[in-house]
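Analysis of the macromolecular model
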Amino acid sequence: MSDTVAASLSPRLFCSPELPPQAAALQAQDWSLCTVSELADPVDGPALGLLWCPDRTALAQLLHSDRAFGLPVVLLSPAPDEAERRAVLARGAVQWLPVDVDAGVLAEVLLWARDLVAQQQAREQAVQARLDERKWTERAKGLLMQARGIDEAAAFALLRNTAMQTQSKLPEVARGVVHTSELAEALERAGAQRMLSQRLVKLQALRQWPKLSPPERREAQALLDASAERVAGNLARLGELLRNDLVEELSAVSVAWAQLDAALANRQPDLARSDRAAQRLLESSEALVAKLSERAGQRPVGLLAQVTRLRLLSQRLAKEGLLAQVIPGHDTSGLAAGLDEFIKAYDEVRAAPLAGPALQPAFAAVDEAWLLLLRGLRVEQGDAVQRMHQGSERLLQALEALIQALQGSLQLILG
């Protein structure tokens, strides 16, 4: 027998603080009675509470608490005065009956109260559902307005037309836009952690280059501090976006960042130690990106992970170049491998089915910045450090603009 059928055949009645005199008659009519010390705790499934106050003393004791009842309550007591009635109603009582009410009448009133409460709850749920639908629609409109630079009317028309074209309900489309945008942001921020792990070591290496002028050293330190703040900000925002989901993966990123942060704060910087800690941050961030990419699947939002990876590869390439300049005997095999890896990854992104008026100019800027970084990697040692730094910064800015353009594309937002 299903729970619903069982509940309708044996309606539950929680009695407090003890069973009323009508209990036997109620049980004979298939009511399931249970005694509880108080009715404040909520219960699962449909149920009513019966508060038994045989005299005014018991009624006065009831009014010592203003804690709401955890379920709809019928009160059996002497007739309450106006103040007592308001107090009991405020706690959640739905009906009052005299203590000596006939058991048959009590049973009918209990059924009436149960059905009345069920109808009220159904109406409240319907109202709440409409409010939720409106909330999703408003959030989706706001995201479209921000991403596309359009007004509210155009954003709503876009949602409505998409719903018509896909034969979906408007709230479903709106909810999809919000979820996709949140997933895209989570992918971008998790991907940024990969890039920042390499950028921080690159900037630390730049600060240790002896030919750096004092203003350039201060600029490098400012960039390093801003990058560290960005890592911390990403972690905080990822916690909000994931809402206690992927806890283990996000915790691993936090632990790895704490280790890198400690290495960066050392008064006598150890680039090898920082690089090892950066590798742990990179690996833990990769694991988080992989989980988020699984959720994206084949949808356009999944392309975002590929584009954000280009930031990582560009900063890692510049880091390897700077370490080769700053640390005598540093293994330079990572440079050649890094060049090949970036070119291959960039070709894959360019071959992806991406379209939009803002994307082509963004790609052109990436192409130009990539050539600038290549020149920095190929020049003689005297100018190599500044060229690599400038080229990697220019390429990072271009890739950030490309990511922003992709996040604003209708392909990604509407899936």
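Our subject is the structure listed above.
Analysis parameters
Residues numbered from 1 in each chain as written. Predicted model: local features only at pLDDT ≥ 70, side-chain atom pairs only at ≥ 80, totals over all residues. Heavy atoms only, no water. Helix = DSSP H or I, 4+ residues; strand = E, 2+ residues; numbered from the N terminus. Rg over C-alpha atoms; globule rule 2.2 N^0.38 Å. Buried < 20%, exposed > 50% of the residue type's maximum accessible area, 1.4 Å probe, protein only. Contact = heavy atoms within 4.5 Å. Areas by Shrake-Rupley, 256 points an atom, 1.4 Å probe, with all protein chains shown as cover. Lys, Arg positive; Asp, Glu negative; His and termini not counted. Charge placed at Lys NZ, Arg CZ, Asp CG, Glu CD. Expected span 1.5 Å × (residues − 1). Polar contact = N/O pair within 3.5 Å; in protein donor to acceptor, adjacent residues only side chain to side chain. Phe/Tyr/Trp six-rings, centres within 6.5 Å; stacked < 30°, edge-to-face > 60°. Lys NZ or Arg CZ within 6 Å of the ring centre and 35° of its normal. Salt bridge = Lys/Arg side-chain N within 4 Å of Asp/Glu carboxyl O.

Next up on the list: the overall build of the chain. Scanning the chain from terminus to terminus reveals 15 helices and five strands. Its C-alpha radius of gyration of 33 Å places the chain more than 25% over the 22 Å reference for a compact globule of 415 residues. Its C-alpha atoms put the chain at 100 × 55 × 40 Å along the principal axes. Counting across all 415 residues of the chain, residues that qualify as buried make up 43%. Intrachain contacts of the chain at a sequence separation of at least 6 include 67% that bridge at least 24 residues. Summing over all exposed atoms, the chain offers an accessible surface of approximately 21,200 Å²; the carbon and sulfur share of this is 52%. Counting 45 positive and 51 negative side-chain charges, the chain places the averaged centre of each group 7 Å from the other.

Among the secondary structure elements, Leu-264 is positioned in helix 9 (residues 247-264). Given the relative accessible area of 15%, Leu-264 is considered buried. Spatially, the C-alpha atoms of Leu-264 and Pro-361 are 36 Å apart, while their sequence positions differ by 97 residues. Aside from chain neighbours lying at most four places away, what touches Leu-264 is Leu-200, Gln-204, Trp-257 and Ser-274.

The next point concerns helix 5 (residues 103-148). The end-to-end C-alpha distance of helix 5, which contains 46 residues, comes to 66 Å, matching closely the 68 Å that a straight helix rising 1.5 Å per residue would cover. Every buried residue of helix 5 is accounted for by Ala-103, Leu-106, Ala-107, Val-109, Leu-110, Ala-113, Val-117, Trp-136, Thr-137, Ala-140, Lys-141 and Leu-144. The N-terminus of helix 5 is capped by Asp-102, whose side-chain oxygen sits 2.9 Å from the backbone nitrogen of Gly-104.

By the secondary structure assignment, Gln-198 is in helix 7 (residues 170-207). Residues in contact with Gln-198, not counting those within four places in the same chain, are Ala-278, Leu-282, Leu-312, Gln-315, Arg-316 and Lys-319.

Time to look at the packing of aromatic side chains. Applying the stated criterion across every chain, the model contains three aromatic pairs. Centroid distance Tyr-346 to Phe-363: 6.4 Å. Interplanar angle 45°. Geometry classified as tilted. Taken as a pair, Tyr-346 in helix 12 (residues 333-351) and Phe-363 in helix 13 (residues 359-378) lie far apart in primary sequence, 17 residues in all. The pair formed by Tyr-346 and Phe-363 is uniform in burial state, with each residue classed as buried. Aromatic ring contacts, followed pair by pair, group Phe-342, Tyr-346, Phe-363 and Trp-370 into a single cluster. The ring of Trp-136 is capped by Lys-135, whose NZ or CZ atom sits 5.1 Å from the centre of that ring. Just above the ring of Phe-363 sits the side chain of Arg-350; from NZ or CZ to the centre is 4.3 Å.

Going through the model one piece at a time under the given rule, you end up with 25 salt bridges. With a closest N to O distance of 2.8 Å, Arg-311 and Glu-188 form a salt bridge. On the criterion of sequence distance, the pair formed by Arg-311 in helix 11 (residues 303-326) and Glu-188 in helix 7 is long-range, its members being 123 residues apart. Both residues of the pair, Arg-311 and Glu-188, belong to the buried class.

Bringing helix 11 into the picture now. Compared with the 34 Å implied by 1.5 Å per residue over 24 residues, the 35 Å span of helix 11 between its first and last C-alpha is a close match. Most of helix 11 is tucked away: 19 of the 24 residues are buried.

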